[in-house]
Amino acid sequence: MAAPIAIHLEFGGGAELLFDGVKEHHVTLPSQSEPWDVKQLLVWIRENLLKERPELFVQGDSVRPGILVLINDADWELMGELEYQLQDQDNIVFISTLHGG
Amino acid sequence: MPIQCSSCAKKRAVLRRPKTGYSLCKSCFFWAFEEEIHQTIVSAQLFNRGETVGIGASGGKDSTVLAHVLKVLNERYDYGLKLLLLSVDEGITGYRDDSLETVKRNQQQYDLPLTIVSYEELYGWTMDAIVKQVGLKNNCTFCGVFRRQALDRGAMMLNVDKICTGHNADDVAETVLMNVLRGDIARLHRCTAISTTSDGEGAIPRCKPLKYAYEKEIVLYAYFKKLDYFSTECVYSPNAYRGHARTFLKDLEAVRPSAIMDIIHSGENLSVKEGVKMPVQGTCSRCGYISSQALCKSCVLLEGLNRGLPKLGIGKHHRLHDKILTQQALTQQEEKKLKAMDF
């Protein structure tokens, strides 16, 4: 069993509007048999945090194209994207690029 | 296992660049991003020493990054430009009023003078009032046409030599797609140009220094630099057609990031075959602004608003323009056609 982990989530660039306008969330992911990865985190966010229009945040298994993801301040494309295994105290940032310029 | 920067090989990479696939650390990314914009400016000869350049500033990510980078480059390479911020207040409660607060902070942060021109002072109508009359279907047409002209009018008031806007690579690619989807050959032909020429009387040359900058990099530049920008969707923007084009583009980019540059490349190299009818640019006989018709779009839209005939500028009613110009009365049938709005 993997122990519960505490992580810090941040939504910006307009993505926070789908979370009641709240940008920062400190959450604890419950313990489960395998380590948490980003793919499971997205399911968890959708079920526990998303307030409206889930299709504007998730698409299939992943985030909607146009939403940038940073894991501990690095582009998730460098970190394994959906397969990245979350560690306690990780910082995950979601930034929408889809809002006005 | 952290990935090292492929440029300096010393620090941890923070992003994979969509254009090149390189992984760069923060400082190498800042440098590469700024240098590429410098290269764009130099190779397209966008500015001349001594010019006053108005930056169209909305408070959003693109124009905030543009203002920041232009200020950095103007100092680093001694362009000798006088930079100023120019904002348009469309009069949209709960959207533009908030974003203008961001622009006012940018004015302080970048120490650049700011001028705000409003639809209300220029046209006598705020977007809030326009939406009350026309509904939510064609309001974006009014806003787009008025904004373009408002920026020009503001720039003229300030004696600006050039206007630059924050349009990025994704915007340009999206516009290419939109013009294909609309069959708008004239716009398709000119939408990839990095700058407009000043041959039309009364139009100030415009340019897009971020034309080759990916949206992803603009947003990450703003994020890593902790730039202060505003990101809320306009309260009146449904614009479903453009939304589809944007979603399509983002889906393509997710599979193949070069898609954006490839679409721009296609747009830049299209040529229009002989015999295709292209509009001839002239000037509006009422306000003198560039127009391919006797009256510019802005004057027609405004006339429609002021006469309670909001559909006048929507769709093709060119035949009526002569009547308006000579102040002839419209027939009842013509009036009826222009009044009916779908809400």
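Residues numbered from 1 in each chain as written. Chains lettered and ligands numbered in written order. Predicted model: local features only at pLDDT ≥ 70, side-chain atom pairs only at ≥ 80, totals over all residues. Heavy atoms only, no water.

- The name that an unreviewed UniProt entry assigns to chain A is Ubiquitin-related modifier 1, with the source organism given as Pangasianodon hypophthalmus.
- According to UniProt, the comment filed for chain A under the heading Sequence similarities (unreviewed entry) is "Belongs to the URM1 family." (UniProt positions renumbered as here; feature names shortened; annotations may be inferred.)

Details of the pairing of strand S1 (residues 5-12) of chain A
Looking down a regular strand, the side chains alternate between one sheet face and the other.
All names here are of chain A.
Piece 1. The element S1 is extensively covered by neighbouring structure, given that 6 of its 8 residues are classed as buried.
Piece 2. As judged from the 5 bridges shared by S1 and strand S7 (residues 91-96), these two strands associate in the parallel manner. When the bridges of S7 are listed, Leu9 appears paired with Ile92. (Buried < 20%, exposed > 50% of the residue type's maximum accessible area, 1.4 Å probe, protein only. Helix = DSSP H or I, 4+ residues; strand = E, 2+ residues; numbered from the N terminus. Pairing = 2+ DSSP bridges.)

Structural notes on the domain arrangement of chain B
Residues and elements named next belong to chain B.
Piece 1. By the assigned domains, chain B splits into domain 1 (36-269) and domain 2 (282-338).
Piece 2. On a C-alpha basis, the centres of domain 1 and domain 2 stand 27 Å from each other.
Piece 3. Between domain 1 and domain 2, the contact holds 17 residues from the first and 17 residues from the second.
Piece 4. Counting the contacts that link domain 1 with domain 2 gives 0 salt bridges.
Piece 5. Taken together, the links from domain 1 to domain 2 amount to 3 residue pairs in polar contact (both at pLDDT 80 or more).
Piece 6. Considering every element that reaches the side of domain 1 that touches domain 2, the biggest residue donor is helix H6 (residues 139-157), with 7 residues. (Domains from an automatic or database assignment. Contact = heavy atoms within 4.5 Å. Salt bridge = Lys/Arg side-chain N within 4 Å of Asp/Glu carboxyl O. Polar contact = N/O pair within 3.5 Å; in protein donor to acceptor, adjacent residues only side chain to side chain.)

Things to note about the sheet that holds strand S6 (residues 162-164) of chain B
In any sheet, the strands associate via hydrogen bonds between backbone groups, in a parallel or an antiparallel arrangement.
Residue and element names in this part refer to chain B.
Piece 1. Judged by pairing direction, the sheet is parallel, and its 5 strands sit side by side in the order S5-S4-S3-S6-S7 without closing on themselves. The sheet terminates laterally at strand S5 (114-118) and strand S7 (206-207), the two strands that pair on one side only.
Piece 2. Both strand S3 (residues 52-56) and strand S4 (residues 82-89) contribute to a ladder of 5 bridges, which runs parallel. The residue bridging Gly56 from the neighbouring strand is Leu86, located in S4.
Piece 3. Against the sheet, helix H2 (residues 61-76) engages S3, S4 and S6, with an angle of about 155° to S3.
Piece 4. Along the sheet, helix H3 (residues 96-110) makes contact with S4 and S5, crossing S4 at roughly 165°. (Axes fitted to C-alpha atoms, helices over the stretch in contact; angles between N-to-C directions.)

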